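# Tertiary structure, described
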Amino acid sequence: HYFIQSNLSSQVKMVNCSMANSTIHPINPAKHINFASGLTLLIVYVLVLSLNVLIIFVIFGVKHKSLRWSLDYLVSFLAITDLISTLVGVPLPIIAYFQGYWPGGCSAGASDSFSTFNVTCKLFYLFLTWGRLSTMFIITVMCMERFLAITRPFVHRELITAGRLRKTVYGIWTLMLIYCVLPLFNIGHVSNAMNR
């Protein structure tokens, strides 16, 4: 007697299966997919961390200070931004893939997933959004800096310094952090895209 029950998320469970006095235990193919996804994300996580550290090491450790360009500083700040958001944001989905549920209890099926103060969900949102927004603004600064270097090289030489670039990126990081922290204090709203 075979009876296959399928639910909405395409997970197949075998129930009430018996063959010659031996029972087949329920099979959930989604667990294998979650494990493979978690393993893939873990490999990508290690690669991203190591490559960002390599970029930072090459720019600040190997390259002599007099040979650094303004673009080098911006690339290193981009790598630092990616390193921070990856270091803090990516372990949560990796844990979720291996455990089969989100750490801290944030569920995609809840009707109002952010009404209660769920720390892991909000921290994930904070660092993911901070990294994405900071990256966009740093790339915008990179484009503006390159435009100035190509079209007005003498003005570029006077205006663009390592200290000014550092202050600009610190300002971007601070503004984006303030923007991303607002939902933690119930200013604004963070919603789960699965429930729209």
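This section reports on the structure supplied with the text. (Residues numbered from 1 in each chain as written. Predicted model: local features only at pLDDT ≥ 70, side-chain atom pairs only at ≥ 80, totals over all residues. Heavy atoms only, no water.)

## Focus: the packing of aromatic side chains
For any two aromatic rings, the description comes down to two numbers: the centre-to-centre distance and the angle of the planes. As enumerated under the stated definition, the model contains five aromatic pairs in all. A ring pair is formed by Phe 77 and Trp 173, whose centres lie 5.7 Å apart and whose planes are at 85°; its orientation type is edge-to-face. Of the two residues, Phe 77 sits in helix H2 (residues 70-89) while Trp 173 sits in helix H6 (residues 162-181), which places them 96 residues apart along the sequence. In this structure, Phe 77 and Trp 173 share a single accessibility class: buried. Cluster of aromatic residues (ring-pair linked, three or more members): Phe 77, Trp 130, Tyr 170 and Trp 173. (Phe/Tyr/Trp six-rings, centres within 6.5 Å; stacked < 30°, edge-to-face > 60°. Helix = DSSP H or I, 4+ residues; strand = E, 2+ residues; numbered from the N terminus. Buried < 20%, exposed > 50% of the residue type's maximum accessible area, 1.4 Å probe, protein only.)

## Some points on H2
The terminal C-alpha atoms of H2 lie 28 Å apart, and with 20 residues this matches the ideal 28 Å at 1.5 Å per residue to within 8%. Turning to H2, its buried residues are Ser 70, Asp 72, Tyr 73, Leu 74, Ser 76, Phe 77, Ala 79, Thr 81, Leu 83, Ser 85, Thr 86 and Gly 89. (Expected span 1.5 Å × (residues − 1).)

## Considerations on the side chain of Ser 70
Within the secondary structure, Ser 70 is located in helix H2. For Ser 70, the residues in contact, after removing those within four places along its chain, are Glu 145, Arg 146, His 156, Ile 160 and Leu 165. (Contact = heavy atoms within 4.5 Å.)

## Looking at a positive patch on the surface
On the surface, Lys 65, Arg 164, Arg 166 and Lys 167 cluster together into a positively charged patch. Inspection of the secondary structure assignment puts Lys 167 in helix H6. In this structure Lys 167 comes out as exposed when scored by relative accessible area, which is 66%. (Patch = residues over 30% accessible without salt bridge, like charges linked within 9 Å, V, L, I, M, F, W, Y side chains within 5 Å. Areas by Shrake-Rupley, 256 points an atom, 1.4 Å probe, with all protein chains shown as cover. Salt bridge = Lys/Arg side-chain N within 4 Å of Asp/Glu carboxyl O. Lys, Arg positive; Asp, Glu negative; His and termini not counted. Charge placed at Lys NZ, Arg CZ, Asp CG, Glu CD.)

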